[in-house]
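Coordinate analysis (summary)
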Amino acid sequence: MGDAEHRFGNPPAMKEPILVLGAGGHGRALISLLRDLGAHSVVGVVDAAPGVAPPLGVPVLGTEAVLPALRRQGVALACIAIGDNGARLAAAARFLALGFTLPPLLHPSVIVGGGAVAEEGAVALPRAVLGAGARLGRLAILNTGAILEHDSVLGEAAHAGPGAVLPGGVRVGARALIGAGAACRPYVAIGEGAVVGVGAAVTEDVARGATVGGVPARPLAARPG
Ligand SMILES: CC(C)(COP(=O)(O)OP(=O)(O)OC[C@H]1O[C@@H](n2cnc3c(N)ncnc32)[C@H](O)[C@@H]1OP(=O)(O)O)[C@@H](O)C(=O)NCCC(=O)NCCS
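Conventions and cut-offs
Residues numbered from 1 in each chain as written. Predicted model: local features only at pLDDT ≥ 70, side-chain atom pairs only at ≥ 80, totals over all residues. Heavy atoms only, no water. Pairing = 2+ DSSP bridges. Helix = DSSP H or I, 4+ residues; strand = E, 2+ residues; numbered from the N terminus. 1 Å grid on protein atoms, 1.4 Å probe; cavity = no way out; pocket = protein on both sides within 12 Å on 5 of 7 lines; lining within 4 Å. Points joined across faces, edges and corners; volume = space filled by probe spheres on them. Nonpolar A, V, L, I, M, F, W, Y, C, P; charged D, E, K, R; others polar. Axes fitted to C-alpha atoms, helices over the stretch in contact; angles between N-to-C directions. Contact = heavy atoms within 4.5 Å. Buried < 20%, exposed > 50% of the residue type's maximum accessible area, 1.4 Å probe, protein only.

So, the sheet that holds strand β23 (residues 218-219)
Taking strand neighbours across the sheet as the criterion, the 8 strands line up as β5-β8-β11-β14-β17-β20-β22-β23 in an open arrangement whose pairing is mixed. Each edge of the open sheet carries a strand with a single partner, namely β5 (105-106) and β23. The sheet contact formed by strand β22 (residues 211-213) and β23 spans 2 bridges and is antiparallel. Within β23, the residue paired with Gly 213 across the bridge is Arg 218.

A word on empty space enclosed by the protein
Overall, the coordinates contain 1 cavity of 30 Å³ or more when judged by the stated rule. In this model, the largest cavity occupies a volume close to 60 Å³. Forming the boundary of the largest cavity are 13 residues, of which Leu 30, Cys 79, Ile 80, Gly 121 and Val 123 lie nearest the centre. Elements supplying a minimum of two residues to the lining of the largest cavity: α1 (25-37) and β4 (77-80). Broken down by class, the residue content of the lining of the largest cavity amounts to 10 nonpolar, 2 polar and 1 charged.

Thoughts on the sheet that holds strand β2 (residues 40-46)
Across the sheet, 4 strands lie side by side as β3-β2-β1-β4; this open sheet has parallel pairing. Looking at strand neighbours, the two that pair on one side only are β3 (60-62) and β4, the edges of this open sheet. Each neighbouring strand pair of the sheet contributes to a mean axis angle of 35°, computed without reference to strand direction. Two elements, β2 and β3, share 2 bridges in a ladder whose sense is parallel. Paired with Val 46 across the two strands is Gly 62, which belongs to β3. With respect to the sheet, helix α3 (residues 85-97) is in contact with β1 (16-21) and β4, its orientation differing from that of β4 by roughly 165°.

Digging into the side chain of Glu 120
Mapped onto the elements of the fold, Glu 120 is located in the loop between β7 (117-118) and β8 (123-124). Residue classification places Glu 120 among the buried positions, given a relative accessible area of 18%.

Set out below in structure tokens:
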């Protein structure tokens with residue numbers, strides 16, 4: 001297991017400063033996670049929108065223009081609280097280029113099976129399940145109550161929404177979105193960048209870039225324009 005992967009151990013005694021990118025809903029979810037985890041002190045939030053309100057009372061330090069100064073002041077850890085998968089990936093590249101480390105963050109209530117792995121910048125929100133041998137890819141989000149069962153893989157910057165159920169051996173490609181409450185048959189493969197709609201039941205593989213929904217899941221018509 002590399003340095004960027006989660007060791008599932010106890011938090012260190014001294015609280016490490018960490019910065020959050022994004023003052024929106026996912027930003028507040030990650031600030032809550034960090035407070036519950038208790039291993040870090042949240043030094044502030046950076047957001048592209050000037051004048052945004054402090055989320056949960058955490059000061060907004062400015063736009064990404066402040067990042068080099070924060071690095072010089074010794075802030076080394078960051079988390080990317082952006083829900084959009086492509087935007088999260090792009091932001092992570094900017095932070096890594098400046099020398100920030102993006103630790104995986106698992107809420108203390110997450111159930112973790114033997115041999116499970118969470119990669120750089122991956123996040124698991126309260127009551128998610130990471131089954132035995134499952135892999136939470138770098139920058140992936142396993143949202144509240146979502147289940148990534150044994151030997152399943154949530155790919156790079158993919159997102160399993162609240163309550164999504166990915167049973168054994170499911171493979172979700174990079175940047176795919178599994179909507180809230182959607183469920184899959186075991187061992188199906190969901191292609192890169194695919195979208196599975198809220199509440200869908202996925203019974204067969206989903207092609208790269210496809211959008212599917214319904215029970216059983218079928219391609220949804222593309223919107224005009
Ligand atoms: C599938 C989804 C991406 C479609 O969004 P959209 O492109 O904005 O599409 P629209 O809302 O315009 O709907 C297009 C059509 O698909 C249907 N549709 C939308 N979502 C659907 C779903 N989950 N299941 C079945 N049909 C769905 C709509 O009823 C509409 O049908 P119509 O053309 O007959 O009226 C979206 O509805 C969805 O489920 N997103 C997942 C969100 C989520 O859970 N995120 C987790 C964040 S925490």
